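# Geometric and topological summary
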Amino acid sequence: MASLKTRLSWGLMLSLIALLTLQWLIVMYAISRLTENQLIDRLQRECENLLTIVSFNSSDQLQIDAQRMGAIYQRPFSGHYYTVFTSKQSSISRSLWDSELSLQSLAAGQERKLRLNGPNGQSLLVVLRGYKKQKHTVTVAVAENVEPLQANIHRFQWLYALISVVGLLVLLGVQRLMVLNALKPLKNIQVNIDKLGRGETSLLELEGPDEIRPLIDAINRLLTGMDRKYHRSRESLGNLAHALKTRLSLVNQIAEHPIINHNPDIQSSIYESTTVMSNIIERELKRARLLGDVRPGRQVDLKVGIAELINTLRQIYASKGVNITSEVALNAQFFGDKEDLMEMLGNLLDNACKWSRNRVSLTVMDGEGIFFIIEDDGDGASAVDLNMLTRRGFRADESQPGSGLGLAIVNDIVESYNGTLNFSRSAAMGGLRVEIKLDQFKEKTT
Amino acid sequence: MRLLLVEDDIALGSQLHHALKKAGYAVDLSTDGVDAEAVGDLEPYDLIVLDLGLPKRPGLEVLSNWRKRGNQVPVVILTARGSWQEKVEGFKAGADDYVGKPFQINELLARINAVLKRSAGSVAGTLKVENITLDEDKQELILQNDQRQNLTATEFRLLRYFMLHPGQLLSKSKLTEHVYEYDEDKDSNVIEVYVNRLRQIIGPELIKTRRGQGYVFGNSD
């Protein structure tokens with residue numbers, strides 16, 4: 001579908017062109033009619049003037065007092081001519097020189113207008129009138145060269161057309177500006193929706209003309225509704241998990257009862273079941289959170305998040321005394337959910353701390369996307385096994401000692417960001433090296 | 001050692017209460033945030049086990065309120081909400097350790113033990129002062145000649161408190177506060193009886209009496 005702007009522009013342009021052309025035609029027609037009528041009027045008066053100077057002498061000779069008709073008729077080819085003739089004689093103005101106008105005589109009281117080719121290729125408008133004077137039927141013709149007049153009219157036509165075209169262009173320009181201005185709120189909404197996508201805002205700004213405000217209102221209502229639903233379901237999932245895990249703790253406590261305590265097999269199978277159940281709850285809870293996330297793309301303060309996380313891990317592993325170092329590239333940026341980042345790095349660093357002798361390092365690098373590299377100096381799980389595990393897909397009930405659930409959750413998060421998770425042996429530290437690459441669409445600088 | 005257990009689930013709370021007592025701690029139980037915050041400030045607990053999902057006031061708020069008022073009692077958070085974001089928030093609010101539900105009692109006891117030792121300034125591991133060692137799992141005393149000696153619950157609590165605070169002057173009332181639960185009959189004279197019983201087991205010179213002030217454990221001076 002063509003843009004609104006183009007459609008509005010075309011509509012306006014075509015109607016303007018039609019209007020201006022019609023106007024031009026009418027004006028041109030009116031002007032040529034008016035000037036011709038005026039000219040004819042004048043020629044008719046000249047005919048009458050001419051008649052007053054025509055006379056017949058006693059021998060019926062046609063006589064014209066040419067001096068009274070003005071100098072213009074004396075100058076050869078001046079463009080103003082007259083002819084007077086009867087059935088037997090004729091007389092022409094001196095301006096006609098040696099050329100002749102071939103005209104037919106008219107009966108008294110008749111009048112004709114006609115166009116003729118005159119001397120020197122002039123185009124003449126002729127008015128012929130028949131009179132009765134001194135008992136003679138006289139035909140009087142006055143002609144004028146219309147070329148100068150037509151040239152004037154043509155010049156005016158061009159000027160008028162030029163003004164019309166300039167006017168059309170100016171109007172189109174003004175209209176374009178108006179359309180752009182009118183559509184600006186839409187552009188604003190688009191920018192706002194982009195922001196929404198990146199999670200920089202939670203609602204659209206309530207600005208814009210009356211026609212667009214209902215749209216913004218409707219979108220905002222929808223957003224609020226979705227947000228509320230999402231929060232409610234997230235909350236109820238959290239509550240469910242909380243309640244179930246508390247009950248599982250109780251089951252574990254009950255398994256401590258002397259009756260069961262004396263049957264280590266039963267006790268350990270109870271423990272195993274509660275662990276698996278808790279893992280399933282945890283994994284599904286986190287997976288649901290990943291699926292339900294409606295506002296990805298928020299920029300997370302990497303430095304602060306990582307510092308907090310490492311502080312926490314130092315406290316958790318205080319008795320082991322793990323030395324955790326981190327290096328974050330200056331321009332590394334993470335767009336996403338902070339909880340995802342914490343969960344991903346938390347689980348991996350926790351694993352690293354668990355398996356390490358005493359050194360763990362986290363490196364964050366910027367490149368095509370963002371890289372997180374976690375290394376330790378332990379001799380934990382084999383990288384090949386772990387790569388197999390990610391390729392095969394994790395299951396929540398996998399009873400990998402210690403690391404299964406954490407890695408499964410990390411895998412879910414990395415997948416939700418379309419990233420890759422890779423395990424290898426750390427050349428620098430000797431232990432496991434985990435590398436995560438996430439594609440990050442940097443904020444457009446438009 | 002006297003602990004405060006804050007857990008709103010009645011069944012789990014009473015089970016844990018029982019298990020912690022069995023492990024040799026004097027334990028008070030609180031079931032809501034407001035009550036827990038007040039008791040935690042009033043009573044001189046050695047450690048608090050704090051559930052985060054509490055009625056009336058959330059556990060995190062209770063914890064940060066304690067820290068704001070300068071109450072530095074060690075706190076082990078017990079919660080079913082196990083995301084790293086929440087762990088980070090817990091530690092930021094001032095927790096000393098974090099145990100996710102569901103847990104096995106041994107795990108919780110090990111964490112409590114480690115935190116208690118860390119807060120007392122001693123290295124984690126077995127509790128060994130001078131030439132005597134305390135086996136905290138079996139609540140037994142191991143003497144110089146590897147001879148094991150059973151202890152009663154109160155003797156165990158008292159000796160552990162002494163061993164975690166060597167060289168410090170401990171008044172009778174302070175010992176009473178840390179060895180007995182809130183609603184137990186507190187008679188500070190009974191402490192004298194227990195101290196004498198301990199002296200019979202570990203020898204008279206390890207616990208010195210400062211007349212009118214209290215007791216000092218160890219050969220620090």
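Residues numbered from 1 in each chain as written. Chains lettered and ligands numbered in written order. Predicted model: local features only at pLDDT ≥ 70, side-chain atom pairs only at ≥ 80, totals over all residues.

### Examining the overall build of chain B
Within chain B, the regular secondary structure consists of eight helices and twelve strands. Looking at chain B as a whole, 44% of its 221 residues are labelled buried. Summarising the internal contacts of chain B: among those between residues at least 6 apart in sequence, 58% fall at separations of at least 24. (Helix = DSSP H or I, 4+ residues; strand = E, 2+ residues; numbered from the N terminus. Buried ≥ 20, exposed ≤ 12 C-beta atoms within 10 Å, placed from the backbone. Contact = placed C-beta atoms within 7 Å.)

### Quick word on the sheet that holds strand 6 (residues 123–133) of chain A
All names here are of chain A. Sheet architecture is open: five strands sit in the order 4-3-7-6-5, paired in antiparallel fashion. In this open sheet, the two strands that pair with only one neighbour each are strand 4 (90–92) and strand 5 (111–117). Across the sheet, the axes of successive neighbouring strands diverge by a mean angle of 20°, strand direction being ignored. Inspection of the sheet shows strand 6 paired to strand 7 (residues 136–145) by ten bridges, in the antiparallel sense. Counterpart to Arg129 in the pairing with strand 7 is Val140. (Pairing = 2+ DSSP bridges. Axes fitted to C-alpha atoms, helices over the stretch in contact; angles between N-to-C directions.)

### Observations concerning the interface of chain A and chain B
Counting residues at the interface gives 28 residues for chain A and 26 residues for chain B. Every element with two or more residues in the side of chain A that touches chain B is listed here: helix 3 (213–254), helix 5 (264–291), helix 6 (302–316) and helix 7 (338–355) of chain A. Residue contributions to the side of chain A that touches chain B peak at ten residues, all from helix 3 of chain A. Among the residues forming the side of chain A that touches chain B, the class breakdown is eight nonpolar, 13 polar and seven charged. (Nonpolar A, V, L, I, M, F, W, Y, C, P; charged D, E, K, R; others polar.)

### Some words on helix 9 (residues 404–416) of chain A
All names here are of chain A. If you check helix 9, its first and last C-alpha atoms are 18 Å apart, about what 13 residues at 1.5 Å a residue would give, namely 18 Å. Within helix 9, burial applies to Leu405, Gly406, Leu407, Ala408, Ile409, Val410, Asp412, Ile413 and Val414. Where helix 9 ends, the next residue or the one after it, Asn418, has phi of about 55°, a positive value. (Expected span 1.5 Å × (residues − 1).)

### Concerning the environment of Ile280 of chain A
Assignment of secondary structure puts Ile280 of chain A in helix 5. Remark: the alpha-carbon pair of Ile280 of chain A and Ala241 of chain A, spanning 39 residues in sequence, is separated by 9.9 Å.

### As for the packing of helix 6 of chain A against helix 7 of chain A
Residues and elements named next belong to chain A. One can describe the packing of helix 6 onto helix 7 by two numbers: an axis separation of 10 Å at closest approach and a directional angle of 35°. Helix 7 is crossed by helix 6, and the crossing has right-handed handedness. In this structure, helix 6 uses Gly305, Ile306, Leu309 and Leu313 to contact helix 7, whose residues at the interface are Lys338, Leu341, Met342, Leu345, Gly346, Leu349, Asp350 and Cys353. Broken down by class, the residue content of the contact of helix 6 with helix 7 amounts to eight nonpolar, two polar and two charged. (Left-handed = near helix turned anticlockwise from the far one by under 90°.)

### Some words on unusual backbone geometry
A cis amide bond links Lys101 of chain B with the next residue in sequence, Pro102 of chain B, at an omega value of -5°. Here Pro102 of chain B lies in the loop between strand 5 (97–100) and helix 5 (105–119). With phi around 55°, Trp97 of chain A is a residue other than glycine that occupies positive phi space. Topologically, Trp97 of chain A is positioned in the loop between strand 4 and strand 5. Of note, Lys56 of chain B is a non-glycine position whose phi angle comes to about 75°, a positive value. In this structure Lys56 of chain B comes out as partly exposed when scored by C-beta crowding, with 13 C-beta atoms within 10 Å.

### Focus: the confidence of the model for chain B
With 95% of its residues at a pLDDT of at least 70, chain B reaches an overall mean of 86. Interface confidence for the predicted complex, given as ipTM, is 0.70, next to a pTM of 0.61. (pLDDT = per-residue confidence, 0-100.)

### Observations regarding helix 7 (residues 172–179) of chain B
Turning to helix 7 of chain B, its buried residues number three or more, namely Leu175, His178 and Val179 of chain B. Along the axis of helix 7 of chain B, the buried residues cluster in a sector spanning 90°; they form a single face. (Arc of directions from axis to C-beta.)

### Looking at the packing of helix 3 of chain A against helix 1 (residues 10–22) of chain B
Close contact between helix 3 of chain A and helix 1 of chain B brings their axes to 9 Å; oriented N to C, the two are set at 35°. Along this stretch, helix 3 of chain A crosses helix 1 of chain B, giving a crossing that reads as left-handed. Within the contact between the two elements, helix 3 of chain A uses Thr246, Ser249, Leu250 and Gln253 of chain A and helix 1 of chain B uses Ala11, Leu12, Gln15, Leu16 and Ala19 of chain B.

### Describing the sheet that holds strand 9 (residues 323–328) of chain A
Residues and elements named next belong to chain A. Taking strand neighbours across the sheet as the criterion, the five strands line up as 9-11-12-14-13 in an open arrangement whose pairing is mixed. Where the open sheet ends on each side, the last strands, each with one partner, are strand 9 and strand 13 (420–425). Taken pair by pair, the neighbouring strands of this sheet meet at an average axis angle of 15°, ignoring direction. Here strand 12 (residues 369–376) pairs with strand 14 (residues 432–438) via six bridges, running antiparallel.

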